[in-house]
Structure formats: structure tokens, C-alpha cells
Amino acid sequence: QKREDVRNVAIIAHVDHGKTTLVDELLKQSGVFREGQNVAERVMDSNDIERERGITILSKNTAVMYKNTKINIVDTPGHADFGGEVERVLKMVNGVILVVDAFEGPMPQTKFVLRKALELKLPVIVCINKIDRPEARPDEVVDEVLELFLELDADDAQLDCPFVYASAKSGIASMDSAESGASMEPLFETIINYIPAPEGDPEAGTQVLVSTIDYNEYVGRIGIGKVDNGIIKVNQEVVICNHHAPDKQVKVKVSKLYEFDGLNKVEVKEAGIGSIVAISGITDIHIGDTLCSPDAVLPIPFQKISEPTIAMQFMVNDSPLAGLEGKYVTSRHIRDRLFRELNTDVSLRVEETDTTECFKVSGRGELHLSVLIETMRREGYEFAVSKAEVLYRTDESGKRTEPMELAYIDVPNEFSGAVIEKLGQRKGELRNMGSISGGTYTRLEFSIPARGLIGYRGEFLTDTKGNGIMNTIFDGYAPYKGDIQYRRQGSLIAFEAGEAITYGLFNAQERGTLFIGPGEKVYAGMVVGQTGRSEDIEVNVCKKKQLTNTRSSGADDALRLVPPRILSMEQALDFIDTDELLEITPTHLRIRKKILD
Ligand code: GDP
């Protein structure tokens, strides 16, 4: 049976193509913004870091009413797949809206999400947005989208998709690129007519697959999912079929049930097939669980969450730099915060280690962990991190395998040589190369061991003078590709402050803040490193005596510091990029190395 009064759609867009504006406008025109509420309030993408990094990590739900139909809009995580999240989100919907800037055209970052949507045979509505831009070139962009569909193996029905031309900013849409339209109605109508209504058996036992977990300090864990069959009611008993532990079936009572309404969750007494619901009050609820009627326990098959591929140690920073300590500094603080993160992030692992000061955190790629680090630092947590290390596995025949990534790179033509050379040294294999943006940019596609990318982002930005775009997607495990041998150079700067000496290799990837205070000695020199692994040197805080042995990160690294010199402040400045300087006074420099991911 079909649920004609509901439509479930996911929205896919490259950052800045107008997804938030569009959803805001749909809300506004469906009357959700009541008097006094700020129309410009951002609905999706509320996380600053997501915005800065040009990605969306958490999927969020919004619902709008159009005539008598409820449209649930689910946000999709931008380009990265943090452990199957994209797929889980797409399983809740019957179609997607692809938002594309009428000038920029489709961007590679959305390719992965789009590919998943096409593989799942979901119909796609293409919304060419920003049609009001003077440089808009909608007809060409349509061709580019169709080319992309062909490249991603869209089927005939998908290729026959509707195109809606919109100016989300002005709140108008049209089915014709030459006409501007009067409201968002054409988009609403296309959603209703083109996206199939959800289907299920209302008479069958309850089946709700939990697709995401939300967490709230007051109510705890909140499971979000779609009602696939039957109905779910408050006070009803359900069995939670845990996909991690198929034998473990816990019976619980549904105490609170919500549906989405505009930007909010509202409590409801019951929900039927096709509804996207949130359930609170069940502590033991996990992604992938199916809530079933006790008399018909039928778990819905679940896409396994992909395992972490990379790990880092998070540790108490025992020599925080003067004046820069965070609010939360103890191992207890860090531990609690990390374990709290597990409530909503299923692809993360946190383990305690031999020392209480240190935790091993594993995730899906360097970007995944660096987003967490940055979030925590902004919240006021002070901690140090080790370098990322990839997690190797052993295949059936006992051979070592390692995580691989696909890297999609767009660079101005003049930099492509440098990128190809660097990634080649890091065991990257060039799969595809083409010309884009009227021949001024080169698009490169590499298959590369994940360890080859560790620390590469910073170099990439330097090598392309900030004009390159790189996106990476996990591509499974493959036999170990052998040691990476390459040379790297950079200027080294170190300073002495009390017992501790902090140093970092500049012009290389490195994180944290260097604080050079009164009376502190500044050293600098060249580092020439030959590494057996794909590793970099990063800011470390070490005891004074360790400086005499030049430090390196991997056991098989051979690093030389040639020769360390004590510099004046002015000389030290030569080693620092001006945009990294936070403060210069006669007695100190404060330097913030950007996290270049
Ligand atoms: P998101 O990152 O995809 O959520 O994009 P936003 O909705 O935040 O929009 C990014 C920028 O594009 C903002 O400055 C918007 O004001 C602008 N924008 C959004 N829609 C339109 C549009 O239809 N026309 C024009 N000219 N600008 C738009």
C-alpha cells in the first residue's frame, strides 16, 4: 500500500550551491515560519566546521507541508562517507533532489553521494539553482549533469529526470530555463508528482529501521528511522533487533515518539508506513536496529557500518603553552567527551590505552578524525594528538592489506605536474585525467593507499597555491603496496620555553599553535627527511634534552637537522607564512598553523 500523503526525499548539493537557502524557502513558502521567527535562520548545515570544510557530516531532518502532503527532507553528508552514512540516509527516501549551481555546474564532491543514489535506483530531480546569476549558463549545466549521470551509469528512467530552474534566493522556480516563475510551486509539484510515495504493509507487524542516532543531553539517545511496515504507537511494546548481536533481542516500551514538523520534532501518538519518526527513551538503541512487533520479529537487513581505517592517539597535553590552555584539560574531560561522541558517530571507535592519559581514537579517514579534533578544540578541550596511522588488516591468505582511497583532484593546469609527481611518490596510481573549466583546470583521479595521503593535504595546498580541490573516498582494502620512499624538505623552527621545546616542520603538515614567549630561544634549520613510511613530522612538545637527537616520527625515518641556529625574532619570521601569524610583539610571536585538510 502507498502512503500518498507523504514524500521522503534526500537533498544532495555541493557546498554553497544553495541547499540551505532552498530548504529555508520551501519552509517559508509552506508556512512554517511563524510570525516573529527569523526567516534567515539557517536550517541545515548548522555546524561551522562543516561549512568551513565544505562538507556536511551530520544528516538532519526537516519536514514541510505542501497542500496535504508532508515532505520529509533529509540532508545528505557532503562528499565523504563516514562509514556508510550516505547509504543509510538514502535508504529512508524514495528520491533525491540534486541542487546544482547554474554557473558552477556539478562538482566532483557530490559525485559519490549521487553515485550511491543512482545505484539505489532512486529517481533524481535536478534543481538548477541561482538561475538569477548574471553568469548563469543553465543549458550547459543541464548537459554537464546529464554527462555526469551517464558517467555514473544512471539508468534510462533516471536520465529522463525533470529539471527545475530555481532562484532559491528569490524564492522562485520554473520548469523552463527561459522563464523565471513566481514561487517554489513548480519544485513542490515536481516532488509530489515525480517522487514515489513510500510503500509498505500497514497490516503487517511493526518494522522501523533505525538509520541515524541523535543525541540530546536531556532525553539521551534518539533513534531516527522510517516506518517500513505496520504502525508504531506510544506505549506499544517493541523488540529491538540489534544487528550487532542478532541473538540479543530486547523488549521495550515506546515511551516517546515524534515526527518532524518544519525544523522541530513534535510528539505524536502513532505513525504509519512511510513516516520518518524519532524515538527517545530507549537507551539501548543503535543504528541498524529494527524495532519490531513482539509477535512478528523480522529484522530488516542492514548495510554493515564500515570499519575504521585510521587511528590517532588523543592525550593529555602535559606541557600546554603559556596562556593557551583550554577549558577542559584533564584525561577525565577528554575521555568523557570522546565517549559522548560515540552516541552519534557509529564509525568512530574509542579505546582506552595502557596509560590513563591517552586514548586511541579510530575513524574513517584523516578528515573524519580532524573534524572531531577541531570540534573539540573549539569547545575548549586542550589535548595533544599523535600522527594518524592506518589500520592494516590481514586477508584470508595471511597477507597484509591496507586501506585505499580514491582521490579526486581539480587543479589549474600548471600545477598538475607537481601533484602527479608527489602522489606518484606516495604510491598513487593515476586512473583518469581530463580537462575541465574550458581547459584551464585538470581533473585527476588517483587510487592511493590511505597512508600516502596522511599529511599530504598541507603540501597539496602549498603546491597548488591554494587553488586545488581534493576529495577522497574510501575504496576498500587492497594488498600492501610496499614502502613509500620519498624525500621531503622544510624549514624547521623550534623554541625553548622552560623545560619544554616545541618545534614544528613548517611548509609541511602540522597542527597546533606555537607560542614564542619572552626570553625564549628560537632555533631554525632545514630538515631533510627520508622516510620509510608516508610520514611527516608535526609539532611535538618534548623535553629539552631530546632536541639534541633530532626527532622523527617513524622508527625508520632518518632525519637531519642541518644546522640548528639560534635566530632573532626577525630572522624567525622568515620561516613563517604571514597568514599564520596571530600576533607579533617585540618579545613574542604567536603562530597558528592552519589545519589544511
Ligand atoms: P549551501 O552551502 O548549499 O547550503 O548554500 P547556501 O544556501 O548557504 O547558499 C550559499 C550562497 O549562495 C549564499 O550566499 C546564498 O545567499 C547564495 N544563494 C543561494 N541561492 C541563491 C540563488 O538562487 N541565487 C543567488 N544569486 N544566490 C543564491
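None of the values given here were measured: they were computed from a predicted structure.

**A look at the environment of V164**
Then, number 1: Along the chain, V164 falls in strand β6 (residues 163-167).
Then, number 2: Sequence spacing of V164 and A296 is 132 residues, and the spatial spacing of their C-alpha atoms is 43 Å.
Then, number 3: Discounting residues that sit within four places of it in the chain, V164 has contacts with I125, V126, C127, I128, A173, S174, M175, L187 and T190.

**Examining the pairing of strand β11 (residues 237-241)**
Then, number 1: With respect to burial, β11 is a largely interior element, four of its five residues being buried.
Then, number 2: For β11 and strand β12 (residues 249-253), the ladder comprises five bridges, and the chain directions are antiparallel. Residue pairing in the sheet places I240 in a bridge with V250 of β12.
Then, number 3: Bridging between β11 and strand β17 (residues 290-292) involves three bridges; their strand directions are antiparallel. Its bridge partner lying in β17, C241 is registered against T290.

**What to know about the side chain of S362**
Then, number 1: Within the secondary structure, S362 sits in strand β20 (residues 358-363).
Then, number 2: The residues contacting S362, other than those within four sequence positions of it, are P308, I310, A311, S347, L348, R349, E351, L369 and L391.

**A look at the environment of D410**
Then, number 1: With respect to the element layout, D410 can be found in strand β24 (residues 400-412).
Then, number 2: Residue classification places D410 among the buried residues on the basis of a relative accessible area of 5%.

**Brief notes about the UniProt feature "binding site: GTP" (unreviewed entry) in the protein chain**
Then, number 1: In this structure's numbering, the residues bearing the UniProt feature "binding site: GTP" (unreviewed entry) are D16, H17, G18, K19, T20, T21, N129, K130, I131 and D132.
Then, number 2: Mapped onto the elements, D16 comes out in the loop between β1 (6-13) and α1 (19-29).
Then, number 3: If you trace the backbone, K19 turns up in helix α1.

Parameters at a glance
- Residues numbered from 1 in each chain as written.
- Predicted model: local features only at pLDDT ≥ 70, side-chain atom pairs only at ≥ 80, totals over all residues.
- Heavy atoms only, no water.
- Helix = DSSP H or I, 4+ residues; strand = E, 2+ residues; numbered from the N terminus.
- Contact = heavy atoms within 4.5 Å.
- Buried < 20%, exposed > 50% of the residue type's maximum accessible area, 1.4 Å probe, protein only.
- Pairing = 2+ DSSP bridges.
- UniProt positions renumbered as here; feature names shortened; annotations may be inferred.

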